[in-house]
Amino acid sequence: MPKQEKKVKKFLLEVPEGIWENWKNTVPRSISLNKALIELLRTEGKK
């Protein structure tokens, strides 16, 4: 049986450099920026 693929939305994100750097610096090195951004979107989506 083939492994079921997850649907993923891909897009180019344009963020002012200062905002990006400030946020990026809050993410622990042990977590990828992609995973941290997904978690941020998940949290904001619940509000």
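Everything below is about the structure printed above this text.
Residues numbered from 1 in each chain as written. Predicted model: local features only at pLDDT ≥ 70, side-chain atom pairs only at ≥ 80, totals over all residues. Heavy atoms only, no water.

Draft legend 1. Structural view of the overall build of the protein chain. Of the regular secondary structure elements, the protein chain holds 2 helices and 0 strands. Considered along the principal axes of its C-alpha atoms, the protein chain spans approximately 45 × 25 × 25 Å. For the protein chain, with 47 residues in total, the buried portion stands at 6%. In the structure as shown, the protein chain presents an accessible area of about 5,100 Å², 56% of it carried by carbon and sulfur atoms. (Helix = DSSP H or I, 4+ residues; strand = E, 2+ residues; numbered from the N terminus. Buried < 20%, exposed > 50% of the residue type's maximum accessible area, 1.4 Å probe, protein only. Areas by Shrake-Rupley, 256 points an atom, 1.4 Å probe, with all protein chains shown as cover.)

Draft legend 2. Here's a closer look at the environment of Ser 32. Position of Ser 32 relative to the elements: it lies in the loop between α1 (17–24) and α2 (33–45). A residue is classified by how much of its surface remains accessible, and Ser 32, at 35% relative accessible area, is partly exposed. Separated by 10 residues in the primary sequence, Ser 32 and Arg 42 place their C-alpha atoms 15 Å from one another. A distance of 3.0 Å separates a polar side-chain atom of Ser 32 from the backbone nitrogen of Lys 35. (Polar contact = N/O pair within 3.5 Å; in protein donor to acceptor, adjacent residues only side chain to side chain.)

Draft legend 3. Just the packing of aromatic side chains, in detail. Inspection of the entire model under this criterion finds 1 aromatic pair. Both rings, one in Trp 20 and one in Trp 23, keep their centres 5.2 Å apart while their planes meet at 50°; by these two values the pair is tilted. Of this pair, Trp 20 and Trp 23 both sit in helix α1, separated by 3 residues, roughly a single helical turn. Here Trp 20 falls in the partly exposed class, since its relative accessible area comes to 27%. (Phe/Tyr/Trp six-rings, centres within 6.5 Å; stacked < 30°, edge-to-face > 60°.)

Draft legend 4. Layout of the environment of Trp 23. Along the primary structure Trp 23 and Leu 37 are separated by 14 residues, whereas in three dimensions their C-alpha atoms are 9.5 Å apart. Contacts of Trp 23, omitting those with residues within four sequence positions, involve Leu 33, Ala 36, Leu 37 and Leu 40. (Contact = heavy atoms within 4.5 Å.)

Draft legend 5. Main features of the packing of α1 against α2. At a minimum axis distance of 11 Å, the contact between α1 and α2 shows a crossing angle of 95°. By the angle between their directions, the pair α1 and α2 is classed as roughly perpendicular. Between α1, through Trp 20, Trp 23 and Lys 24, and α2, the contact on the second element is made entirely by Leu 33, Ala 36, Leu 37 and Leu 40. Its residues placed into classes, the contact of α1 with α2 shows 6 nonpolar, no polar and 1 charged. (Axes fitted to C-alpha atoms, helices over the stretch in contact; angles between N-to-C directions. Parallel < 35°, antiparallel > 145°, perpendicular 65-115°, else oblique. Nonpolar A, V, L, I, M, F, W, Y, C, P; charged D, E, K, R; others polar.)

Draft legend 6. Representation of the pattern of salt bridges in the model. Per the stated rule, a full pass over the model turns up 3 salt bridges. Notably, a salt bridge pairs Lys 47 with Glu 44, separated by 3.1 Å at the nearest N-O pair. (Salt bridge = Lys/Arg side-chain N within 4 Å of Asp/Glu carboxyl O.)

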